[in-house]
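Coordinate analysis (summary)
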Amino acid sequence: MSAGSVALEGVTKRYGAETVVAGVSLAIAPGEFFTLLGPSGSGKTTTLSMLAGFVMADEGRVMLGGQDMTHVPPRGRGLGMVFQNYAIFPHLNVAENVAFPLTVKRAPKAEIAARVAEALEMVKLTGFEQRYARQLSGGQQQRVALARAIVAHPRIVLMDEPLGALDKNLRYHMQVEIKEISRRLGTTVIYVTHDQEEALTMSDRIAIMERGRIAQMGPPREVYEKPDSSFVAAFLGEANLLPARRDGNAVAGPGGARLEAGAGALSAPEGLLFIRPEKVTIAPDAPGEGPNMLPGRVRHASFLGNVVRYAVEVPEGATVLCDAANGAGATLHAPGDPVRLSWRAEDSRLLAA
Amino acid sequence: MMGPVWRATLLRALVVLLCFGLLAPIIIVAIASFSGDGYLKFPPESLSTRWYERFLGDPRWRQAIVNSLMIGALTSVLSTFLGFLAAYAMVRGQFPFKRVIAALLLTPVIVPHVITAVAIYFLSARMGLVGVRPWIAVAHTVVAMPVVLVILQSALRTVDPALERAAMVFGCTRWGVFRRVVLPLALPGVVSAALFSFLTSFDELVISIFLAGFRSETLPVRIWNSLLLEVEPTIAAVSTLLIAVTTIALAIDALLRRLRGGAGMPAR
Amino acid sequence: MPLKIRAALLLLLPSLLLLFALFLLPIGWFLSSSIMELGSWEEVMAEADAVLLSGAVGGALLNTGWVGAVVTLLTLVIGYPVSYALSRARGAAFTVILLCIVLPYFTSTIVRTYAWMVLLGRNGLINQILLGLGLVSEPVNLLYNRTGVIIGMTYVLLPYMVLTLYAAMKAVDPRLMQAAEGMGASPATVFRRVFMPLTLHGVVAGVLITFILAIGFFITPALMGGPGDVMIAMLIEREVELTQNWPAAAMMTVVLLAVTLTLYAVYSRFAEPGEAMR
């Protein structure tokens, strides 16, 4: 069944001389939870607007459920959508807001009532039918917006930073709930956010956008652990990016240390060696040399509770961040201590600068 | 040096005096209109409604009331309708020369009404439109529309564009978005605009003097024509009617604002 | 969702058409055809000389400027404390002051003029008070002279000044003044060094809008003035209504329009257009 499939084919949008979205192509399977992640100005919101039909693409095609919808206005696309600040109609109560997509279609009254009740139950807002938006908390408004987006059983739901206005605890709670509802209904979700943690938690696949293009696309673990560029590496969490250059089959790191890097090594002679702080092992300095070992000196140690983050100065003045689990019997290194850093070759990659 | 307490007291006294001075002439006219004396005296020695009887008993004054109401109502409908379209375009639209158009739409307020009036008269005289009431309403619309624009632009600015987008995603046509979302949310502003454009026409004198002719004298024109002859007490009664209309319009507007901003259920 | 250019212009079209058909076109047509009627350029200049430099028109222009200036000054002096009080008032006091300004503001100009005609007449309340207090021994002529015109126009135009000043004063953050006082400035210094400079643009806007409206006035001066208090707008009206002398009316209109639009251009640099209207 292709009802929930989404595809963009070389979609481009320009505003004057500025190209906001530059030839974006992607294919989303029915029922997939797909996230567009990127900093502000990366084109993710414009991409979503083209999917919704608010903005018409200058080039390329927008396919929804296997049909070309490039020039179809929003009302003809049959989508559900959750807006950034919820966009709850202030002159309508909760029930009327949720019923809106059905009222517009002039659905039978009985059907409307049944579907509204079902949607409200799904978001746990039964009993709030007669309230108005200003009488609801942020989390409740969020649920109303969610109920309104799914009430007409759309195959595809768009979500534009839906949790941006909520505080941290509530946000986590809603992440789980949104994920659960979308799975239960089997809807395709296209989710826009600038919060990388949210993207990693919720998505089946993530597309990271940079200046109007998709920098990388893949499952959360893949894009996190195997970034293709230093932009992706740095945008998704903390990353060490050490100046390095190619030396035969290996890599020469700071101080000429011979290092090995995982697959995806680069063709250019110079680049940045990528390694996540939690993949770096820190040990007291002991004599001996080996691959993927760097001597250094602790400059700074931040105690974060379950983790201790060290900033370690390595040769040539570079700094390597290293997260050590504060597990049973863990020893703490003090600033000034000489230490030895090491990691597995497959956890590191040589990326273009 | 005066102490701060003294200064504050002095300022307060001054403001009370000035506010009294602003309101007093209007109140005094209203009271004097109920005088039973032969000429306007304040305070009146006896009270009666004789000036109202004379006012309402005179067919020319009665005709003037009818003219004013008709012209005012038509102006209100016309300017609110045209003004709403323009205000929506100004608030939501992006187009070249926007600032120029915005300034242009407001110029009828700034250009002396005599000039506008003479020019429209120049046109109307050649087209035989002097004394035609709907035409007077159209002319009043020129000066009422800026008032409508200012009110409706601020009303429409409070409507979140995301609500319009939401309505479109959930199946509304442009017209559906307007009917289901924009209009209900801007309704208090629309009523305000209709009220104040009515008031603008109801109180307008300069354009009316030129366009009214003999057939279509409005209340202000009747007042003007009789004041040029003498300060007769009937006019106090007419004035009081105009003041009452203004007061009622302001009261309705205040009520709407309270409903709009206040707690509790929205007006539905 | 922003409107497309075509949709926006379509929505604007009816208003722009109306504005064109009943405002721009008539003014342009009236001016050009009245002046064209005279024939050659020399004749136009000769007529302009004759009309604008004639005693009656020259006098009216002087009157207009003078009365406009005096009235503007008076509205500023009276309006400043009222707007100040309005900008600082809360609750019931605010409502009462606002009502005192807004009710006259929305009352017909002719009704307000009439009210002062009643008050200022020989047997009017003002003369009764003056006589009662023994300040004068016989009724003073307050009507049908310059005094009457100035009192009437000041009253009619005061709300415009107050509302413009109020808009500027309301925008001043009260914490700035608290901060200045906290640094040891006396209330007078705070007012002079902080409040006044911050509201100066409002004063300029208020002065300009009041003066613009004053020089185009004709109802109040026509009813309350004497033979010597003719203003330019009254002359335009008379040339059209009584003598049908369109060229002369057009000449004076050009002058009044030019002054008004120039001042409006300056005004719009100090205030959002339409700020004074509500």
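In this text, all values refer to a predicted model and were calculated from it rather than measured experimentally. Position numbers for residues count from 1 along each chain, tracking the sequence in the order it is written. Chain labels run from A onward and ligand labels from 1 onward, assigned in the order the entries are written. A pLDDT threshold of at least 70 governs which residues receive local features in this predicted model, and a stricter bar of 80 or more applies before side-chain atom pairs are shown or counted, although totals over entire chains, interfaces and linings include all residues.

1. Some points on the overall build of chain C
For clarity, the cut-off: Numbering of helices and strands starts at the N terminus; helices are DSSP runs of H or I of at least 4 residues and strands are runs of E of at least 2. Working definition of a contact: two residues with C-beta atoms, positioned from the backbone, lying within 7 Å.
Regarding its fold elements, chain C presents 12 helices and 0 strands. The secondary structure elements of chain C, listed N-terminal to C-terminal, are α-α-α-α-α-α-α-α-α-α-α-α. Summarising its shape, the C-alpha atoms of chain C cover approximately 70 × 70 × 30 Å along the three principal directions. In chain C, once contacts between residues fewer than 6 apart in sequence are set aside, the share between residues at least 24 apart is 76%.

2. Things to note about the overall build of chain B
Quick note on the threshold: Partly exposed residues are those falling between the two cut-offs: more than 12 but fewer than 20 other C-beta atoms within 10 Å of their own, whereas 20 or more means buried and 12 or fewer means exposed, with C-beta atoms placed from the backbone.
Helices and strands together make up the secondary structure of chain B, namely 11 helices and 0 strands. Secondary structure of chain B in N-to-C order comes out as α-α-α-α-α-α-α-α-α-α-α. Taking the principal axes of its C-alpha atoms as reference, chain B extends roughly 70 × 65 × 40 Å. For chain B, the proportion of its 268 residues judged to be buried stands at 51%. Intrachain contacts of chain B at a sequence separation of at least 6 include 74% that bridge at least 24 residues.

3. Focus on unusual backbone geometry
Unusually for a residue other than glycine, A:His153 sits at a positive phi of about 50°. Relative to the helices and strands, A:His153 is located in the loop between helix H4 (138-150) and strand E7 (156-160). Positive phi outside glycine occurs at C:Tyr144, with the angle close to 60°. Assignment of secondary structure puts C:Tyr144 in the loop between helix H6 (125-132) and helix H7 (146-170).

4. Digging into the nonpolar core
The cut-off we apply is this: Each nonpolar core comprises buried Ala, Val, Leu, Ile, Met, Phe, Trp, Tyr and Cys residues, the members being joined through C-beta atoms within 7 Å. Each domain's extent is set by a domain assignment, obtained either automatically or from a database.
Core analysis: the biggest nonpolar cluster contains 271 residues, and A:Val98, A:Ala147, B:Val118, B:Leu152 and C:Met252 have the highest contact counts within it. Each of domain 1 (6-225) and domain 2 (239-351) of chain A contributes no fewer than three residues to this core. If near-sequence neighbours (up to four positions away) are discounted, A:Ala147 is found in contact with A:Val98, A:Ala119, A:Leu120, A:Met122, A:Val123 and A:Leu125.

5. A short note on the UniProt feature "transmembrane region" (unreviewed entry) in chain C
All names here are of chain C. Rules: UniProt positions are given in the numbering used here, feature names are shortened, and annotations may be inferred rather than shown by experiment.
In the numbering used here, UniProt assigns the "transmembrane region" (unreviewed entry) feature to residues 56-80, 92-115, 149-168, 202-226 and 246-267. Helix and strand shares over residues 92-115 are 92% and 0% respectively, and the end C-alpha atoms of the span are 27 Å apart. Across residues 202-226, helical content stands at 80% and strand content at 0%; the span's end C-alpha atoms are separated by 34 Å.

6. With respect to the confidence of the model for chain B
Let me state the cut-off plainly: Residue-level confidence of the predictor is summarised by pLDDT, bounded by 0 at the bottom and 100 at the top.
Per-residue confidence for chain B gives a mean pLDDT of 89, with 95% of residues at or over 70. Scored below 50 in pLDDT, residues 262-268 of chain B shows 2 contacts in the model against residues more than four places distant or in partner chains.

7. Re the UniProt feature "domain: ABC transmembrane type-1" (unreviewed entry) in chain B
Under the feature "domain: ABC transmembrane type-1" (unreviewed entry), the UniProt entry names residues 65-256 of chain B. Taken end to end, residues 65-256 of chain B has its terminal C-alpha atoms 27 Å apart, with 84% of it in helix and 0% in strand.

8. Focus: the sheet that holds strand E2 (residues 18-28) of chain A
Residue and element names in this part refer to chain A. The condition is simple: Strands were regarded as paired on the criterion that DSSP finds at least two bridges between them.
Strand order in the open sheet made by the 4 strands is E2-E1-E4-E5, with antiparallel pairing throughout. Looking along the sheet, the strands with just one partner apiece sit at the ends: E2 and strand E5 (67-68). For strand E1 (residues 6-15) and E2, the ladder comprises 7 bridges, and the chain directions are antiparallel. Paired with Arg14 across the bridge in E2 is Thr19.

9. Let's talk about the UniProt feature "transmembrane region" (unreviewed entry) in chain B
Residue and element names in this part refer to chain B. Those places that UniProt annotates as "transmembrane region" (unreviewed entry) correspond, in this numbering, to residues 12-34, 64-88, 100-123, 135-156, 177-199 and 234-256. With 100% helix and 0% strand, residues 135-156 has end C-alpha atoms that lie 29 Å from one another. Secondary structure across residues 177-199 divides into 100% helix and 0% strand, with the first and last C-alpha atoms of the span separated by 30 Å.

10. Some thoughts on the interface of chain B and chain C
Definition in use: Amino acid classes used here: Ala, Val, Leu, Ile, Met, Phe, Trp, Tyr, Cys and Pro are nonpolar; Asp, Glu, Lys and Arg are charged; the rest, including Gly, are polar.
With 75 residues of chain B at the interface, the matching set in chain C holds 66 residues. No other element matches the 13 residues that helix H1 (residues 4-32) of chain B contributes to the side of chain B that touches chain C. Classifying every residue of the side of chain B that touches chain C by side-chain character gives 62 nonpolar, 9 polar and 4 charged.

11. Let's talk about the packing of helix H5 (residues 113-127) of chain B against helix H1 (residues 5-36) of chain C
Our working definition: Note on geometry: axes are C-alpha line fits, over the in-contact stretch for helices, and angles between N-to-C directions span 0 to 180 degrees. Our angle categories are set so that under 35 degrees counts as roughly parallel, over 145 as roughly antiparallel, 65 to 115 as roughly perpendicular, and the remainder as oblique.
The N-to-C vectors of H5(B) and H1(C) enclose an angle of 80°; their axes lie 8 Å apart at closest approach. By the angle between their axes, H5(B) is roughly perpendicular relative to H1(C). Contact with H5(B), carried on its side by B:Ile115, B:Thr116, B:Val118, B:Ala119, B:Ile120, B:Phe122 and B:Leu123, involves C:Leu22, C:Phe23, C:Pro26, C:Ile27, C:Trp29 and C:Phe30 of H1(C) and no other residues of that element. When its residues are assigned to classes, the contact of H5(B) with H1(C) shows 12 nonpolar, 1 polar and no charged.

12. A look at the sheet that holds strand E10 (residues 213-218) of chain A
Residue and element names in this part refer to chain A. Overall, mixed pairing links the 6 strands, which are arranged E6-E7-E8-E3-E9-E10 in an open sheet. Of all strands in the sheet, those bounded by a partner on one side alone are strand E6 (80-82) and E10. Neighbour-to-neighbour, the strand axes of the sheet open up by a mean angle of 15°, direction not taken into account. Judged from the 3 bridges that link them, E6 and E7 form a sheet pairing that is parallel. Paired with Val82 across the bridge in E7 is Met159.

13. Details of H1(C)
Convention followed: A helix is expected to span 1.5 Å multiplied by its residue count minus one. A residue's bend is the angle separating two fitted axes: one through the seven residues that end there, the other through the seven that start there.
Helix length check: H1(C), at 32 residues, gives a terminal C-alpha distance of 39 Å against a target of 46 Å (1.5 Å per residue), a shortfall beyond 12%. The largest bend in H1(C) comes to about 45°, at C:Leu13, with the proline C:Pro14 one to four residues further on.

14. With respect to the pairing of strand E14 (residues 270-275) of chain A
Residue and element names in this part refer to chain A. Most of E14 is tucked away: 5 of the 6 residues are buried. Bridging between strand E11 (residues 240-247) and E14 involves 6 bridges; their strand directions are antiparallel. Among the inter-strand pairings, Leu242 is bridged to a residue of E14, identified as Leu273. Here E14 runs beside strand E20 (residues 349-351); their pairing, made up of 3 bridges, is antiparallel. Each bridged residue has a counterpart across the sheet, and for Leu273 the counterpart in E20 is Leu350.

15. Points about the UniProt feature "domain: ABC transmembrane type-1" (unreviewed entry) in chain C
As annotated by UniProt and renumbered to match this structure, "domain: ABC transmembrane type-1" (unreviewed entry) occupies residues 61-267 of chain C. As annotated, residues 61-267 of chain C comprises 81% helix and 0% strand, and the C-alpha atoms at either end are separated by 21 Å.

16. A short note on the interface of chain B and chain A
Each side of the interface is counted separately: chain B has 16 residues, and chain A has 16 residues. Going through the elements one at a time, helix H7 (161-169) and helix H8 (174-203) of chain B are the ones with two or more residues in the side of chain B that touches chain A. In terms of residue count, H7(B) provides more of the side of chain B that touches chain A than any other element does, 6 residues in total. Taken together, the residues of the side of chain B that touches chain A sort by class into 11 nonpolar, 3 polar and 2 charged.

17. Quick notes on the environment of B:Gly38
Mapped onto the elements of the fold, B:Gly38 is located in the loop between H1 and helix H2 (50-57). The spatial distance from the C-alpha of B:Gly38 to the C-alpha of B:Arg50 is 9.9 Å, given a sequence separation of 12 residues.

18. Looking at H8(B)
Taking 1.5 Å per residue as the helical rise, H8(B) with its 30 residues ought to reach 44 Å, whereas the 37 Å between its terminal C-alpha atoms falls clearly short. Approximately 60° is the largest bend angle found in H8(B), and it occurs at B:Leu187, with the proline B:Pro188 only one to four residues beyond.

19. Details of the environment of A:Glu225
All names here are of chain A. For Glu225, the location among the structural elements is in helix H7 (residues 220-225). Note on Glu225: 16 C-beta atoms within 10 Å, which makes it partly exposed. Residues Glu225 and Asp347, 122 residues apart in the sequence, show an inter-C-alpha distance of 7.3 Å.

20. Considering the confidence of the model for chain C
All names here are of chain C. In this model, chain C carries a mean pLDDT of 88, and residues with pLDDT of at least 70 account for 96%. Averaged pLDDT values for the elements of chain C fall to 81 in helix H2 (residues 41-52) and rise to 93 in H7. Confidence over residues 273-278 falls short of pLDDT 50; this stretch has 19 contacts with residues more than four positions distant or in other chains. Predicted as a complex, the structure gets a pTM of 0.85 and an ipTM equal to 0.89.

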